[in-house]
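Chain residues, written in single-letter form:
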Amino acid sequence: MTSSNAMTARLTACARAFGLAVALLGPGAGGAAAQDTKTMVIKTGTATLNDAQHEWLKRFAVAIDKNTSGRIKAEVYPASQLGAIPRMIEGTQLGAIQIWVGPPEFLVGVDPRFELLSVPGLLTDDQHAIKIINDAEFAKAFLALGANKGLVGASLFLTGPSAFDMRAPMRTLADLKGKKVRVLASPFQMEQMTRLGGTGVPLTLGDVLPALQQGTLDGALGSLPVFAALQYQGTAKYMTETFHSYIFSVAMLSKRWFDGLPADLQAAVLSTAKQVQGEVLPWSLDFLVSQRKAWTDKGGEIITLSPADHAELMRQMRPIGDDIVKGKPELKPMWDMLLAAAKRGQ
């Protein structure tokens, strides 16, 4: 055998031996460096469109790409493109969806304590609501509620004050009597309608507009930015902003996905979520102003209750939280934390 052929044979044997070693040791042995730099594409979803929830996802997608030098890229799916809200939550728990953003009340099946933020009569104005989500003690405990059910809370932010969007004008509290109104899946919202003489109908967001169009619903309890972004004014043009409670949103990570990330990417995801929460807050407040104008420009009407009616509304709403918690002792520790945070924020 010539020296050239001998050298070729030795190189071939070494290559085969190396290949066998890699195969026996598994992909982690030879692919660790490649895995560290490989781009991971994640799915993020929400039910709404062109509102604070959608904005949070868009900003997160830009920021996480930058903050991880392209190691994580987020695809954004608004308007229930990944399914109805319950399906998106299930998908996030299973890891098929990596981030879901929506009202925490839809997580009541995961943990009933998620419904507490929809309590009426507790928060007095926008700034008071903002102080609640920035209260470190309360926010940390609230975001941790889904940890044993496959969800990691990463961000809590404000959507806006409560409003009733109605097919017929609601100019007084009496106008709600006998009306069927969509609410979030929370006893705190359903009890509001009961005490105001109406009926609360829990529906996922995608079902609300068709029900309004068909007349099976008289209105919906929610927040102006959501109704305006989804063009509800063509069917239910009368918006009464009541400010008796607030709508918040939460960003939940898939725990299965998150736990599989290396430590540096876990830190980057959490810090990016907090960064975006800070960015979305001023955007949300500006968006509220612009959407009030957009609502009226497109033929909608914004109504404000009289001071007497607003005072009566708050009087009727204030006892709801305590009354519900009395029958659900598992809510009380978190309820007490919320009350303490509200007091600190006054």
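What you see is a predicted model, and the numbers here were worked out from it, not measured in a lab. (Residues numbered from 1 in each chain as written. Predicted model: local features only at pLDDT ≥ 70, side-chain atom pairs only at ≥ 80, totals over all residues. Heavy atoms only, no water.)

> What exactly am I supposed to notice about the packing of aromatic side chains here?
Taken as a whole, this structure holds six aromatic pairs when the rule is applied. Between Phe114 and Phe142, the aromatic rings sit 5.5 Å apart at their centres with planes inclined by 85 degrees, giving edge-to-face as the arrangement. With Phe114 in the loop between β3 (99-102) and α5 (126-133) and Phe142 in helix α6 (residues 136-143), the pair connects residues that are 28 residues apart, well separated along the chain. The exposure class assigned to Phe142 is buried, which follows from its relative accessible area of 0%. Grouping aromatic residues by their ring pairs yields a cluster made of Trp56, Phe60 and Phe157. (Phe/Tyr/Trp six-rings, centres within 6.5 Å; stacked < 30°, edge-to-face > 60°. Helix = DSSP H or I, 4+ residues; strand = E, 2+ residues; numbered from the N terminus. Buried < 20%, exposed > 50% of the residue type's maximum accessible area, 1.4 Å probe, protein only.)

> Mind showing me how you'd approach the side chain of Ser245 here?
Position of Ser245 relative to the elements: it lies in strand β8 (residues 238-254). Side-chain polar atoms of Ser245 contact the side chain of Ser162, separated by 2.4 Å. Setting aside residues up to four positions removed in sequence, Ser245 forms contacts with Ser118, Val119, Pro120, Pro161, Ser162 and Gln192. (Polar contact = N/O pair within 3.5 Å; in protein donor to acceptor, adjacent residues only side chain to side chain. Contact = heavy atoms within 4.5 Å.)

> Is there a simple way to explain helix α8 (residues 205-214) in this structure?
Residues separated by three or four positions in an α-helix point in the same direction, a consequence of the helix having 3.6 residues per turn. Restricting attention to buried positions, one finds in α8 the residues Leu205, Val208, Leu209, Ala211 and Leu212. Down the axis of α8, the buried side of the element spans an arc of 165 degrees, and every buried residue falls inside it. Turned more than 90 degrees away from the buried face of α8 sit Gly206 and Gln214, all of them exposed. Remark: Gly215 follows α8 within two positions and exhibits a positive phi of approximately 80 degrees. (Arc of directions from axis to C-beta.)

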